[in-house]
Amino acid sequence: MRSTDSRCLELSRTEDGLDTLAAAIRNCRKCGLAEQRQHAVPGEGNHRARLMFIGEAPGAKEDQSGRPFVGPSGKFLEQLFAENGIRRDAVFITSCVKCRPPGNRTPSIGELTTCVNSWLLPQIQCIDPKIIVLCGRVAALGLLGEPIKISKAHGTLVERNGRNYFISYHPAAGIRFPKIAAAMRSDFKMLAHLVG
Ligand code: URA
């Protein structure tokens, strides 16, 4: 899961690196998800962000608009940002998989691995954030490379290959379950403290 796009390495930490990746993501046909998408969703935000938020895959609103977290999950994420003094335009928001899986099904391991290796790892390389927030089980699997129990691991910071990952739930789970919303509120308070 660890290969990095060499084009991006060359362009690393330049504005062009992320823009080049976004253009390539919009044209990607590496897996079957390209067949049914309206728009691929590369992600958006500050190219020098200290915090990077990573979800699972676009939903219906994201597929329509080409923008990440603009549906109900995004509204909840924005509430958590506002409660903790985090500005949406100061961070970078994206997902492991850049195209909507039909019916919002969970991405397959092949789709996840292809998209993470081809696009997400190079994006991380370009942004070089201080903390990468893994929102949910699929994001944790995609970047840590192993299944973890979010109910045990949420609110913790783990270091892998020189990167800091903060684990929390996916906002969609927070919308459905009040207990998870409360856990996310406490995670985000800790996160705001960690990032200073
Ligand atoms: N869920 C995600 O994981 N990503 C989005 O962009 C929207 C919903």
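A short tour of the structure in this document, coming up.

So, how was this worked out
- Residues numbered from 1 in each chain as written.
- Predicted model: local features only at pLDDT ≥ 70, side-chain atom pairs only at ≥ 80, totals over all residues.
- Heavy atoms only, no water.
- Helix = DSSP H or I, 4+ residues; strand = E, 2+ residues; numbered from the N terminus.
- Rg over C-alpha atoms; globule rule 2.2 N^0.38 Å.
- Buried < 20%, exposed > 50% of the residue type's maximum accessible area, 1.4 Å probe, protein only.
- Contact = heavy atoms within 4.5 Å.
- Areas by Shrake-Rupley, 256 points an atom, 1.4 Å probe, with all protein chains shown as cover.
- Lys, Arg positive; Asp, Glu negative; His and termini not counted.
- Charge placed at Lys NZ, Arg CZ, Asp CG, Glu CD.
- Near = heavy atom within 4 Å.
- Polar contact = N/O pair within 3.5 Å; in protein donor to acceptor, adjacent residues only side chain to side chain.
- Nonpolar A, V, L, I, M, F, W, Y, C, P; charged D, E, K, R; others polar.
- Pairing = 2+ DSSP bridges.
- Axes fitted to C-alpha atoms, helices over the stretch in contact; angles between N-to-C directions.
- Salt bridge = Lys/Arg side-chain N within 4 Å of Asp/Glu carboxyl O.
- Phe/Tyr/Trp six-rings, centres within 6.5 Å; stacked < 30°, edge-to-face > 60°.

Quick look at the overall build of the protein chain
Thinking step 1. Helices and strands together make up the secondary structure of the protein chain, namely 10 helices and 6 strands.
Thinking step 2. What you see for the protein chain is a C-alpha radius of gyration of 15 Å, in line with the 16 Å of a compact globule of 196 residues.
Thinking step 3. C-alpha extents for the protein chain along the principal axes are approximately 40 × 35 × 30 Å.
Thinking step 4. Within the span of the protein chain, comprising 196 residues, buried residues form 52% of the whole.
Thinking step 5. Across the protein chain, every contact between residues at least 6 apart in sequence was considered, and the portion connecting residues at least 24 apart equals 71%.
Thinking step 6. As displayed, the protein chain offers around 9,100 Å² of accessible surface, 51% of which is attributable to carbon and sulfur atoms.
Thinking step 7. Computing the positive centroid from 27 side-chain charges and the negative centroid from 18, the protein chain places the two 5 Å apart.

Things to note about unusual backbone geometry
Thinking step 1. Its identity is not glycine, yet Phe69 carries a phi of approximately 50°, on the positive side.
Thinking step 2. As for its position among the elements, Phe69 is in the loop between helix H4 (60-65) and helix H5 (72-83).
Thinking step 3. The phi dihedral of Asp128 falls on the positive side, at around 50°, and the residue is not glycine.
Thinking step 4. On the secondary structure map, Asp128 appears in the loop between helix H6 (109-127) and strand E4 (131-135).

Here we look at the site of the ligand
Thinking step 1. The environment of the ligand is made up of Gly55, Glu56, Ala57, Pro58, Glu62, Pro68, Phe69, Ser95 and His170.
Thinking step 2. Ala57 places a polar main-chain atom, nitrogen or oxygen, 3.1 Å from a nitrogen atom of the ligand.
Thinking step 3. Considering the ligand on its own, with 240 Å² of exposed area, one finds that the protein chains cover 93% of that surface.
Thinking step 4. For the shell around the ligand, the per-class residue count stands at 4 nonpolar, 3 polar and 2 charged.

Re the pairing of strand E3 (residues 92-95)
Thinking step 1. Of the two faces of E3, the one holding Phe92 and Thr94 and the one holding Ile93 and Ser95 are both buried throughout.
Thinking step 2. Pairing analysis gives 2 bridges linking strand E1 (residues 44-45) to E3, with the strands arranged antiparallel. Looking across to E3, one finds that Glu44 is bridged to Ile93.

Some thoughts on the sheet that holds E3
Thinking step 1. On the basis of which strands lie adjacent, the open sheet formed by 6 strands has the order E1-E3-E2-E4-E6-E5 and mixed pairing. The open sheet has two free edges, formed respectively by E1 and strand E5 (157-160), since each of these has just one partner strand.
Thinking step 2. The strands touched by H6 are strand E2 (51-55), E3, E4 and strand E6 (163-168); relative to E2, the strand with the most contacts, the crossing angle is about 170°.

Description of helix H7 (residues 137-144)
Thinking step 1. For H7, the tally of buried residues reaches 7 of 8 residues, placing the bulk of the element in the interior.
Thinking step 2. Regarding H7, the residues found buried are Val138, Ala139, Ala140, Leu141, Gly142, Leu143 and Leu144.
Thinking step 3. For H7, the secondary structure elements touched by its buried residues are E2, H6, E4, helix H8 (150-153), E5 and E6.

Comments concerning the pattern of salt bridges
Two side chains that carry opposite charge are able to pair once their charged atoms sit near each other.
Thinking step 1. Evaluation of the coordinates by the stated rule reveals 9 salt bridges.
Thinking step 2. We note a salt bridge from Arg29 to Glu35, for which the minimum N-O separation is 3.8 Å.
Thinking step 3. As a salt-bridge pair, Glu44 and Arg67 come within 2.8 Å of each other at their nearest N and O atoms. With a gap of 23 residues between them, Glu44 in strand E1 and Arg67 in the loop between H4 and H5 connect regions that are remote in the sequence.
Thinking step 4. By relative accessible area, Arg67 is classed as partly exposed at 38%.
Thinking step 5. It is possible to trace a salt-bridge network through shared partners that takes in Glu44, Arg67, Glu78 and Arg88.

Quick notes on the side chain of Asp63
Thinking step 1. Residue placement: Asp63 occurs in helix H4.
Thinking step 2. Arg100 provides the closest opposite charge to the buried, salt-bridge-free Asp63, at an N-O distance of 4.8 Å.
Thinking step 3. Ignoring sequence-local partners within four residues, the contact set of Asp63 consists of Arg37, Gln38, His39, Val41, Pro58 and Arg100.

Remarks on the packing of aromatic side chains
Thinking step 1. In this structure the tally under the stated criterion is 2 aromatic pairs.
Thinking step 2. A centroid spacing of 5.9 Å and a plane angle of 25° characterise the contact between Phe53 and Phe188, whose relative ring orientation is stacked. Taken together, the residues Phe53 in strand E2 and Phe188 in helix H10 (residues 178-195) connect sequence positions 135 residues apart. This pair shows no difference in class: Phe53 is buried, exactly as Phe188 is.
Thinking step 3. An aromatic cluster is present here, built from Phe53, Phe81 and Phe188 joined pairwise through their rings.

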